[in-house]
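Chains, contacts and geometry: an overview
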Amino acid sequence: ACAAGKHKGSTGAGACETCPAGTGSAAGSDGIDDCSCLPGHSGASDGASCSACEAGTFKSEPGPAECSTCPANSESASGSEACQCGAGFTGDAHAERGGCAACAVGEYKTAAGTGRCAACPPHSSSAEGSDALGDCACVAGYHDRARGDGEACTACEAWTFTTNAERLRAGCFCAGGFSWVGDGPCRACDDCSSEVTFSASLDVPLEEFSSARRGAYVDGVAQALSVSSSSVVITSATEQPARRRLLAPTTSVATTVTVSNEQASSALLLATAENLNTYLARSGMSVGQVSSPSVAQTPQTSS
């Protein structure tokens, strides 16, 4: 009998012939029509040569059927029988439920496959769907000036800074309600907090600005402005009608960020659509524009 991948359509002592490129057959096949496209390959009909599925597509069964596009957030190499979740995503690309889910905030995954997302090093965090260790940035109150990749984040006050300018370059700021005095630690104060306020226009309608998306927005703003998430407050969210027909409405998000006075000017400069979008890219939201950015000192409370 002809071996698998070969065929012979006539009687006699003639040799078995190899199936066309990209096809295969069962052992004992007696005709070229028994040669069918292999998984990961597609062609016009049985008996003809078949081409490998392009990258980003797959075909799991033999036969002349067309290759299918990989599910969302997954990828494949040329000639693939299945797709794998891409970097920054985890799960089974072909699962009936779930599919590829983005790595959570504070996690990352560097390569395609079914592997789990890895947690960022201690005292660092990352945006949802991060695909590199370098996406892990030290959280407020910590810095990695010596490395710059989120590893070995050190408490700001545990590092000796020669000047306050050096502190600012390292991204170390006292929290709202605290201030540096000379070269000492952050000390509580009554009138040293400022509020940076602005409105961000998000490209999602209000009904889709869910609690999960609100949380992702707060985390993104916090990372963009180098503050903790607890310092960011959404004061209101209102839907804005589309300016043109057929366009979806947007949501205007009024935002207040509490920072120390020394960080206020820096935070104001960072409150731009371009910077915010850098940290919101993985959330499926983007900022069209930032309007009315301003900074004001928090009123002193009476004792």
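Look above for the structure.
The following paragraphs examine the structure supplied in this document. (Residues numbered from 1 in each chain as written. Predicted model: local features only at pLDDT ≥ 70, side-chain atom pairs only at ≥ 80, totals over all residues. Heavy atoms only, no water.)

Relative to the elements of secondary structure, Ser130 occurs in the loop between strand 15 (124-125) and strand 16 (137-138). A distance of 2.7 Å separates the side chain of Ser130 from the backbone oxygen of Ala127, its partner in a polar contact. When neighbours within four sequence positions are excluded, Ser130 is seen to be in contact with Gly88, Cys103, Glu107, Tyr108, Lys109, Asp135 and Arg282. (Helix = DSSP H or I, 4+ residues; strand = E, 2+ residues; numbered from the N terminus. Polar contact = N/O pair within 3.5 Å; in protein donor to acceptor, adjacent residues only side chain to side chain. Contact = heavy atoms within 4.5 Å.)

With that settled, consider the packing of aromatic side chains. Aromatic ring pairs are defined here through the distance separating the ring centres and the angle between the ring planes. Evaluation of the coordinates by the stated rule reveals 1 aromatic pair. Ring plane angle 80 degrees and centroid distance 6.3 Å describe the contact between Phe209 and Tyr217, whose orientation is recorded as edge-to-face. The same class applies to Phe209 as to Tyr217, namely buried. (Phe/Tyr/Trp six-rings, centres within 6.5 Å; stacked < 30°, edge-to-face > 60°. Buried < 20%, exposed > 50% of the residue type's maximum accessible area, 1.4 Å probe, protein only.)

Moving on, we come to the pairing of strand 23 (residues 250-260). Most of strand 23 sits inside the fold, with 9 of its 11 residues counted as buried. Note that strand 21 (residues 193-202) and strand 23 share 10 bridges and pair antiparallel. Each bridged residue has a counterpart across the sheet, and for Glu195 the counterpart in strand 23 is Thr258. The pairing of strand 22 (residues 232-240) with strand 23 spans 8 bridges and is classified as antiparallel. In the sheet register, Val233 faces strand 23, and the bridge partner there is Thr256. (Pairing = 2+ DSSP bridges.)

Attention shifts here to helix 2 (residues 211-225). Taking 1.5 Å of rise per residue, 15 residues should cover 21 Å, and helix 2 covers 21 Å from first to last C-alpha, within 8% of that figure. Turning to helix 2, its buried residues number three or more, namely Ala216, Tyr217, Val218, Gly220, Val221, Ala222, Ala224 and Leu225. Elements in contact with the buried residues of helix 2: strand 21, strand 22, strand 23, helix 3 (261-270) and helix 4 (273-280). The first or second residue beyond helix 2 is Ser226, which carries a positive phi of 60 degrees. (Expected span 1.5 Å × (residues − 1).)

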